[in-house]
Amino acid sequence: MPDSGKNSVNLGQMTAIKHENGALLVLAGPGSGKTYTIIQRILHLIEKSNVDPASILVITFTKAAAREMKQRFRQKTAGRAWPVNFGTFHAVYYHILKTSCHYRSGNIISDYEKRELLKTILQRPGFTCTDEEETIDSLLGEISRFKNDGCPPENRDPECGLISREEFARLYRSYDEALRREEKLDFDDMVLRCRDLLVSRPDVRKAWQQKFRYILVDEFQDINPMQYEVLRLLAQPENNLFIVGDDDQSIYAFRGARPEIMLGFRQDYPQAGIVELTQNYRSTPEIVTAAGRLIAANKSRFIKKAQAVSPSGEQVLYRGYSTRDEENESIATEIARFPEGFNETAVIYRTNQDAAAMAEKLTEKGIPFRMKEKLKSPYRQMAAQDILSYLSFALEGRKRKDFYRIMNRPSRYISRSAVNGETVDFEELFDFYSEKPYMREILRKFQMDLERLKRMDLYAAVNYIRRGMGYDEYLVRTASEKGTDKNELLKEAEWFQKQVRQFRSLEQLKEHIALYEKELEKAGRDPDSREGVSLLTMHASKGLEFDTVYIPDCNEGIIPHRKSMKDEAVEEERRMLYVAMTRARKRLTLTYVAGTKEEPGFLSRFLTDLVRQPVLQ
């Protein structure tokens, strides 16, 4: 980077830094020195253009980015405490509300309060949705998207979501009315209420416009329509907007961000200039070229000319494996050879759950790892917990807690009141149902099945629980009742069955699970730590960089994700892979799983843009 020992500033950076008044769009690709450019631009405004530091507003998308920007600015000011304003969109907009409308921190609704409020609404007559955690998450996410878009809920696609458009509109209105009645704001309301304030109060709007005469925005591609609308109101009438971003890294559609806002910036500001920062100070030419070829396939984008400053390095590697286990074993073994590089190595996945198997493999090899996002142990999934309870009940003493979990999975019509003590005695169960012959027959079969499990190895026992005792049928029926995909539950059971194959006893399996979950907890304890190999999602990798990056599971259905197969969604999926690839400084490896005849895997269409067919290992 230009501020890391080099004093040279390239032409694009210099043009951006010296820009005077009016709007400017700065196209800043990965590793192009955008933070350096923003800081130098602030210094230029103060030192060369005599702009009042208090009239400069710098907006970022995360608290961490705002802290870093502020810290790096202060390092350049030789101890001078210039009152430049740094903050996130939410922090800045909330500051306006707090100052002008006397809102306080107590007005902000907590995540817990928000979830409880929605659960209460769903319990009212006329709502068909359950109040399960996943349902609440999905509905809150959908409400947030509509707030960020500034669209009425009646505009919702009738084919999308868990509930009908009419029911969603009622839920949205009920939620919004409850917040207003209790004088509460959620994070999205900070933007909406700020917009309403600036539109309805010209005097307030003018005061803030005069305060913030120069506005600089980092990561502009992540902006959503409501944030942009407020930004435009604040920038008037001088429109001294200095926006920095990369439309190729717009990957937050689920928050309402769209590259179209950045692509249409010069239509909103016809007099705006445009500058491209073409030099990549991060990655080798091989990585820059591969990433450039990938993203060039997208149609809705600014065409750019990225050039690597670094000398030529290693070729980008593309590998194929027959199974996911072989893929993980190969990557983990390769990582293990270079312990000195653990802290500068990342394995980047499409989703958090995809990282679970690699976390387990690293645990087995004693390789330390860290996770920016907390990963739920796959052993805590319903199917895994149910089958573990079956095994524990059959092999380790008939504890009541295990029995309660499995007795009606599948349904056997057994009542909880049939069990009295901490352990279960089948003779007592027979006595309880002495006048119900059909229940005694059900219990006798259950007892015989449990006895059979004792004579089997773990893999065979799990197979018998699933197919001999009717557990798979229970999963299919459960999915049907909940309106979910039966294949997801069956995959959980299949995954667990494959996992147990490597263990000779239930005790050994439980020891492994305990160690694995301990390492998961440790890895997620300090998300900002740089100790150990980083396991990241593509979203979480944004803004980070590493010497070595692995991107596994480059398969159709994973990247692009099976739920994102429409044109616009596929372009965002390609941008996500682009972001992941451009985290690498020196070494980049992309892999996929070819699968077997029974379970074939298909190479991601994105890799076919880069290589004919990865070499099978």
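Bear in mind the structure is a predicted one, so any value in this text is a computation, not a measurement.

Conventions we followed
Residues numbered from 1 in each chain as written. Predicted model: local features only at pLDDT ≥ 70, side-chain atom pairs only at ≥ 80, totals over all residues. Heavy atoms only, no water. Patch = residues over 30% accessible without salt bridge, like charges linked within 9 Å, V, L, I, M, F, W, Y side chains within 5 Å. Areas by Shrake-Rupley, 256 points an atom, 1.4 Å probe, with all protein chains shown as cover. Salt bridge = Lys/Arg side-chain N within 4 Å of Asp/Glu carboxyl O. Lys, Arg positive; Asp, Glu negative; His and termini not counted. Charge placed at Lys NZ, Arg CZ, Asp CG, Glu CD. Helix = DSSP H or I, 4+ residues; strand = E, 2+ residues; numbered from the N terminus. Buried < 20%, exposed > 50% of the residue type's maximum accessible area, 1.4 Å probe, protein only. Disulfide = S-S within 2.5 Å. Pairing = 2+ DSSP bridges. Axes fitted to C-alpha atoms, helices over the stretch in contact; angles between N-to-C directions. UniProt positions renumbered as here; feature names shortened; annotations may be inferred. Contact = heavy atoms within 4.5 Å. Phe/Tyr/Trp six-rings, centres within 6.5 Å; stacked < 30°, edge-to-face > 60°. Domains from an automatic or database assignment.

As for a negative patch on the surface
Move 1: A surface patch of like charges, here negative, comprises Asp425, Glu427, Glu428 and Asp431.
Move 2: Relative to the helices and strands, Asp425 resides in the loop between helix 17 (400–406) and helix 18 (426–432).
Move 3: For Asp425, a relative accessible area of 35% gives the class partly exposed.

Comments concerning the state of the cysteines
Here a disulfide denotes one covalent bond, and it connects the sulfur atoms of two cysteines.
Move 1: According to the stated counting rule, one finds 0 disulfides in the structure shown.
Move 2: In this structure Cys194 is a free cysteine whose sulfur lies 8.5 Å from that of Cys101, the closest cysteine sulfur available.

Considerations on the environment of Leu395
Move 1: Relative to the assigned elements, Leu395 resides in helix 16 (residues 382–395).
Move 2: Using a relative accessible area of 36% as the deciding quantity, one classes Leu395 as partly exposed.
Move 3: In sequence terms Leu395 and Thr537 are 142 residues apart; their C-alpha atoms lie 38 Å from each other.

Considerations on the sheet that holds strand 5 (residues 241–245)
Move 1: The 6 strands are arranged 3-2-4-5-1-6 in an open sheet whose pairing can be described as parallel. Because the sheet does not close on itself, it has two edges, and the strands there are strand 3 (85–88) and strand 6 (273–277). Between one strand axis and the next, the sheet turns through 15 degrees on average, direction left out of account.
Move 2: Summarising the sheet, strand 1 (residues 24–28) and strand 5 pair through 4 bridges and their orientation is parallel. Bridge pairing in strand 5 links Leu24 to Phe242.

Quick word on the UniProt feature "binding site: ATP" (unreviewed entry) in the chain
Move 1: On the UniProt side, "binding site: ATP" (unreviewed entry) is annotated at positions that read Ala28, Gly29, Pro30, Gly31, Ser32, Gly33, Lys34 and Thr35 here.
Move 2: Mapped onto the secondary structure, Gly31 falls in the loop between strand 1 and helix 2 (34–47).
Move 3: By relative accessible area, Gly31 is classed as buried at 5%.
Move 4: Here Thr35 lies in helix 2.
Move 5: Taking the relative accessible area as the measure of exposure, Thr35 reaches 15% and is therefore buried.
Move 6: For Thr35, the residues in contact, after removing those within four places along its chain, are Met69 and Arg72.

Re the packing of aromatic side chains
Move 1: As enumerated under the stated definition, the model contains 21 aromatic pairs in all.
Move 2: Where Phe146 meets Phe168, the ring centres are 5.3 Å apart and the plane angle is 50 degrees; that geometry is what we call tilted. Within this pair, whereas Phe146 is found in helix 6 (residues 133–149), its partner Phe168 is found in helix 7 (residues 165–181), the two being separated by 22 residues in sequence.
Move 3: Note on Phe146: relative accessible area 14%, which makes it buried.
Move 4: Ring geometry for Phe426 and Phe446: centres 6.0 Å apart, planes at 75 degrees, overall edge-to-face. Here Phe426 is found in helix 18, whereas its partner Phe446 is found in helix 19 (residues 437–454), with 20 residues between them in sequence.
Move 5: Note on Phe426: relative accessible area 3%, which makes it buried.
Move 6: A relative accessible area of 1% places Phe446 in the buried class.

Overview of the pattern of salt bridges
Move 1: For the coordinates displayed, the defined rule picks out 53 salt bridges.
Move 2: Among the salt bridges present, the one from Arg282 reaches Glu545, with a minimum N-O distance of 3.2 Å. Separated by 263 residues along the polypeptide, Arg282 in the loop between strand 7 (279–280) and helix 13 (285–295) and Glu545 in the loop between helix 24 (538–541) and strand 13 (546–551) bring together distant segments of the chain.
Move 3: Its relative accessible area of 12% is what places Arg282 among the buried residues.
Move 4: For Glu545, a relative accessible area of 24% corresponds to the partly exposed category.
Move 5: Here Glu329 makes a salt bridge to Lys361, at a shortest N to O gap of 3.3 Å. Of this pair, Glu329 sits in helix 14 (residues 324–336) while Lys361 sits in helix 15 (residues 356–364), placing them 32 residues apart in sequence.
Move 6: Classification of Lys361 by relative accessible area gives buried; the value is 8%.

What to know about the domain arrangement of the chain
Move 1: Looking at the assigned domains, one finds that the chain contains domain 1 (19–99 + 203–277), domain 2 (109–184), domain 3 (307–372 + 527–609) and domain 4 (380–511).
Move 2: Computed from C-alpha atoms alone, the centre-to-centre distance between domain 1 and domain 4 is 58 Å.

Regarding the pairing of strand 1
Move 1: Of all 5 residues in strand 1, 5 are buried, a share of seventy percent or more.
Move 2: On strand 1, burial covers both faces: Leu24, Val26 and Ala28 on one face and Leu25 and Leu27 on the other are all buried.
Move 3: Summarising the sheet, strand 1 and strand 6 pair through 5 bridges and their orientation is parallel. When the sheet's bridge partners are listed, Ala28 is paired in strand 6 with Leu277.

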